[in-house]
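Examining the three-dimensional arrangement
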Amino acid sequence: MRLIFLGPPGAGKGTQAKRIEERFGVVQLSTGDMLREAVNAGTELGKQVSEVMQSGALVSDDIIVALIQERIRQPDCAKGFILDGFPRTVAQAEALDTMLDTLGIAVDAVLELKVDDVVLVDRISNRFTCKDCGQGYNTKFDPPKEDGVCDKCEGVEFVYRPDDNAETVAARLAAYHEQTAPLLPYYAEKGSLCSVDAMQDIDAVTRSIYTVLEQGAS
Ligand code: AMP
């Protein structure tokens, strides 16, 4: 199974990708997570991208394509993958097509998680993750069962993303509409785009995704 998740920041791509990963044993490839790891580790790449990420703009296509090109060749990707947050520009999508051609593989479906902008800011400004296992939560919509304790690993330390603030979120949404939304017609023309109503609660979105996957891309 090879999937692409498309959708604005806060649509739930990461949350849903983690569920698909657990259920089907495929790997979640999140370019955002990879870049954050590089920033936190203080690598050369991290230093190069941290300011751009902080502004809410997109990192250059060259950097992102090189990152995915290297990752997608790793043996764990052979059983399948979910691209979460990549591609984000038409140039990235074209580079991905070339990459997949070279590897002799294809994407099974591109899933658009559709959410109105008005709810995204609310979702994003209330989200946080467990510092130990990365499980995501939201104060309003999906808090840990026990306050201050991670459901998954019982960790007690949580982190907020530095780019999850109102100002940066506005820039990230603008980047989505200007640079990423053109991928919707790009994949619709190829016949691989499926849309899921991601305004529903988290479990309902997961069920909708499973339904789409069972039916296959239309
Ligand atoms: P995300 O975690 O997917 O919301 O990504 C966080 C930030 O990382 C974005 O706001 C961008 O600055 C950068 N980023 C992640 N993925 C990409 C990508 N495919 N292309 C360009 N920039 C990206």
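For the structure, check the block above.
Residues numbered from 1 in each chain as written. Predicted model: local features only at pLDDT ≥ 70, side-chain atom pairs only at ≥ 80, totals over all residues. Heavy atoms only, no water.

1. So, the sheet that holds strand β7 (residues 158-159)
Consider a sheet: its strands pair through backbone hydrogen bonds, and that pairing is either parallel or antiparallel. Rules: In this analysis, strands are considered paired if DSSP registers two or more bridges between them. Helix and strand definitions here come from DSSP, where helices need a minimum of 4 consecutive H or I residues and strands a minimum of 2 consecutive E residues; each element is numbered from the N-terminal end.
Across the sheet, 3 strands lie side by side as β6-β5-β7; this open sheet has antiparallel pairing. Of all the strands in the sheet, just β6 (136-138) and β7 have a single pairing partner and so form its edges. By the bridge criterion, 3 bridges tie strand β5 (residues 127-130) to β6 in an arrangement that is antiparallel. The residue bridging phenylalanine 128 from the neighbouring strand is tyrosine 137, located in β6.

2. Remarks on the sheet that holds strand β8 (residues 193-197)
Quick note on the threshold: Axis angles are defined between N-to-C directions and span 0 to 180 degrees, where every axis is a line fitted to C-alpha atoms and, for a helix, only to the segment in contact.
Taken in spatial order, the 5 strands of this open sheet run β2-β3-β1-β4-β8, and their pairing is parallel. Edge positions in the sheet fall to β2 (27-30) and β8, since each has one partner strand and no second. Within the sheet, the average angular offset between the axes of one strand and its neighbour, ignoring direction, is 25°. Pairing between strand β1 (residues 2-6) and strand β3 (residues 81-84): 4 bridges, direction parallel. Along β3, the bridge assignment pairs leucine 3 with isoleucine 82.

3. Points about empty space enclosed by the protein
To be explicit about the condition: Throughout, the protein atoms alone are placed on a 1 Å grid, and a set of points is a cavity if a 1.4 Å probe fits but cannot get out or a pocket if it is open with protein on both sides within 12 Å along at least five of seven lines; lining residues have an atom within 4 Å of a point. Grid points are joined across faces, edges and corners, and a volume is the space filled by probe spheres set on the points. Each residue is assigned to one of three groups, with Ala, Val, Leu, Ile, Met, Phe, Trp, Tyr, Cys and Pro labelled nonpolar, Asp, Glu, Lys and Arg labelled charged, and all others, Gly among them, labelled polar.
Taken as a whole, this structure holds 1 cavity of 30 Å³ or more when the rule is applied. When its volume is computed, the largest cavity comes out at roughly 30 Å³. As for the largest cavity, its lining consists of Phe5, Leu6, Gly7, Lys13, Gly85, Phe86, Pro87, Arg88 and Thr180. When grouped by side-chain class, the residues that make up the lining of the largest cavity number 4 nonpolar, 3 polar and 2 charged.

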